[in-house]
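So the chains spell out like this:
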Amino acid sequence: MAVVMKGMEVAKSMKNELIFRVEKLKESGIIPSLAILRVGEKEEDLSYERGAKKRLEGLGVVCETAVLPEDVTQEDFEKKFDELNVSNKVHGILVFQPLPKHLNIEPVKERIHPRKDVDGMSPVNMGRVFANDKKGVAPCTPAGVIEMLKHFEIPIEGKEVVIVGRSSVVGKPLSILFLQENATVTICHTRTKNLEDTCKGAEILVAAAGVPKMIKASMVSEGCVVVDVGINVDEEGKLCGDVDYEQVEPLASYISPTPGGTGSVTSSVLAKHVIESAES
Ligand code: NDP
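Residues numbered from 1 in each chain as written. Predicted model: local features only at pLDDT ≥ 70, side-chain atom pairs only at ≥ 80, totals over all residues. Heavy atoms only, no water.

Labelled according to an unreviewed UniProt entry, the protein appears under the name Bifunctional protein FolD, originating from Aequitasia blattaphilus. The UniProt entry for the protein carries the following comment under Subunit (unreviewed entry): "Homodimer." Its UniProt record gives the protein the following Pathway (unreviewed entry) comment, quoted word for word: "One-carbon metabolism; tetrahydrofolate interconversion." (UniProt positions renumbered as here; feature names shortened; annotations may be inferred.)

Written out as structure tokens, the structure reads:
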């Protein structure tokens, strides 16, 4: 039976140190603060916002949302963003994506202050992470995957890691973080020829494709560490991951569930990045 890597366990272990750091900041008159920039009222955004707010405020980090209407113009969107970007009170900015189709995120990615870029979306932070520069801020989800593996004391060095998914927000930056930990990394995507065999070669398998339950038992070797990043809704309207948990769990040595897995770590990493920004 696999050890279940619950995200809340990781979040709890991070909590005391983060609270301590917030207290130290407050002693010197700094209140760490995150600004969320949300366009519209999408349920996914609202749900993530509620979770993040609860986690951050529980640690003493202020979390305020600037809400813009769904039909906001590019000009007004950028104007609001610029206000947050120059405000002394804001240490981190999180822009919910994807934006409505008529809005372009690129000018914001270019302009965001690298220290306020707590979800590592700017070319500056991407480049720094790629170059192994300690000042680089990685996106929260991939950083949370590494945090989770370390919490469960799972060795990474020298391991065969396979990541399914190559997005700029999860798969690609995660591959770099694994390389920094001296793993051997393979990234799979929709053009990968032999997905099943490639996944079977993994000692650590990370699913980040956004396809409900696509990782089946036939794709996983016995003893594999399986990390599920996917957050999807199945045919019955229930939340599920990219891993077919029922099938894969008996084979895995460690497995993260969905819900209750990597998602819970992401918001703790977000808090950590805001605190680091306030400290710098
Ligand atoms: P994207 O849609 O941006 O990227 C998906 C990636 O998976 C692409 O590289 C795509 O390949 C690849 N892929 C899709 N289908 C297959 C397939 N059948 N076989 C192999 N590769 C495939 O998604 P994101 O990276 O943004 O998100 C991935 C998942 O993670 C989603 O479920 C999302 O909800 C979740 N997520 C979870 C977070 C958390 O905190 N746990 C945070 C962010 C996202 P190609 O490039 O060829 O198209």
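A.B. asks: So what exactly am I meant to see when it comes to the pairing of strand β8 (residues 225-228) here?
C.D. replies: Regular strands show a simple pattern: their side chains alternate between the two faces of the sheet. Burial along β8 is two-sided: V225 and V227 and V226 and D228, pointing in opposite directions, are all buried. The pairing of strand β7 (residues 204-207) with β8 spans four bridges and is classified as parallel. Bridged to V206 within β8 is V227. As paired strands, β8 and strand β11 (residues 254-255) are joined by two bridges and run parallel to one another. Residue pairing in the sheet places V226 in a bridge with I255 of β11. (Buried < 20%, exposed > 50% of the residue type's maximum accessible area, 1.4 Å probe, protein only. Helix = DSSP H or I, 4+ residues; strand = E, 2+ residues; numbered from the N terminus. Pairing = 2+ DSSP bridges.)

A.B. asks: Please clarify how the packing of aromatic side chains should be interpreted in this entry.
C.D. replies: Centre distance and the angle of the planes are the two values used to describe a pair of aromatic rings. Taken as a whole, this structure holds one aromatic pair when the rule is applied. Consider the rings of Y48 and F96, whose centres lie 5.7 Å apart with planes at 85°: the pair is edge-to-face. Here F96 lies in the loop between β4 (92-95) and α4 (106-111) and Y48 lies in helix α2 (residues 43-58), a separation of 48 residues in the sequence. Relative accessible area serves as the criterion here: at 7%, F96 is assigned to the buried category. (Phe/Tyr/Trp six-rings, centres within 6.5 Å; stacked < 30°, edge-to-face > 60°.)

A.B. asks: So what exactly am I meant to see when it comes to the sheet that holds strand β2 (residues 33-39) here?
C.D. replies: In sheet architecture, strand pairing relies on hydrogen bonds along the backbone and comes in two forms, parallel and antiparallel. Spatially, the three strands line up as an open sheet ordered β3-β2-β4, and their pairing is parallel. If you trace the sheet from one side to the other, it starts and ends with β3 (62-68) and β4, each paired once. Adjacent strand axes in the sheet meet at a mean angle of 20° when their direction is disregarded. Where β2 and β4 come together, four bridges link them in parallel fashion. Residue pairing across strands places I36 opposite L94, the latter belonging to β4. Together, β2, β3 and β4 form the strand contacts of helix α3 (residues 74-86), whose direction differs from that of β2 by roughly 175°. (Axes fitted to C-alpha atoms, helices over the stretch in contact; angles between N-to-C directions. Contact = heavy atoms within 4.5 Å.)

A.B. asks: Looking at this structure, how should I read the sheet that holds β11?
C.D. replies: Across the sheet, which stays open at both edges, the six strands sit in the order β1-β11-β8-β7-β5-β6 with parallel pairing between neighbours. Looking at strand neighbours, the two that pair on one side only are β1 (3-4) and β6 (184-188), the edges of this open sheet.

A.B. asks: I keep staring at the UniProt feature "binding site: NADP(+)" (unreviewed entry) in the protein and nothing clicks. Help me out?
C.D. replies: Summarizing the sequence annotation, UniProt attributes the feature "binding site: NADP(+)" (unreviewed entry) to G165, R166, S167 and I231 in the numbering used throughout. Checked against the lining of the largest pocket, the annotated residues just named reduce to I231. With respect to the helices, strands and loops of the structure, R166 is situated in the loop between β5 (160-164) and α7 (171-180). In contact with R166, other than residues within four places in its own chain, are G171, K172, I187, C188, H189, T190 and R191. (1 Å grid on protein atoms, 1.4 Å probe; cavity = no way out; pocket = protein on both sides within 12 Å on 5 of 7 lines; lining within 4 Å.)

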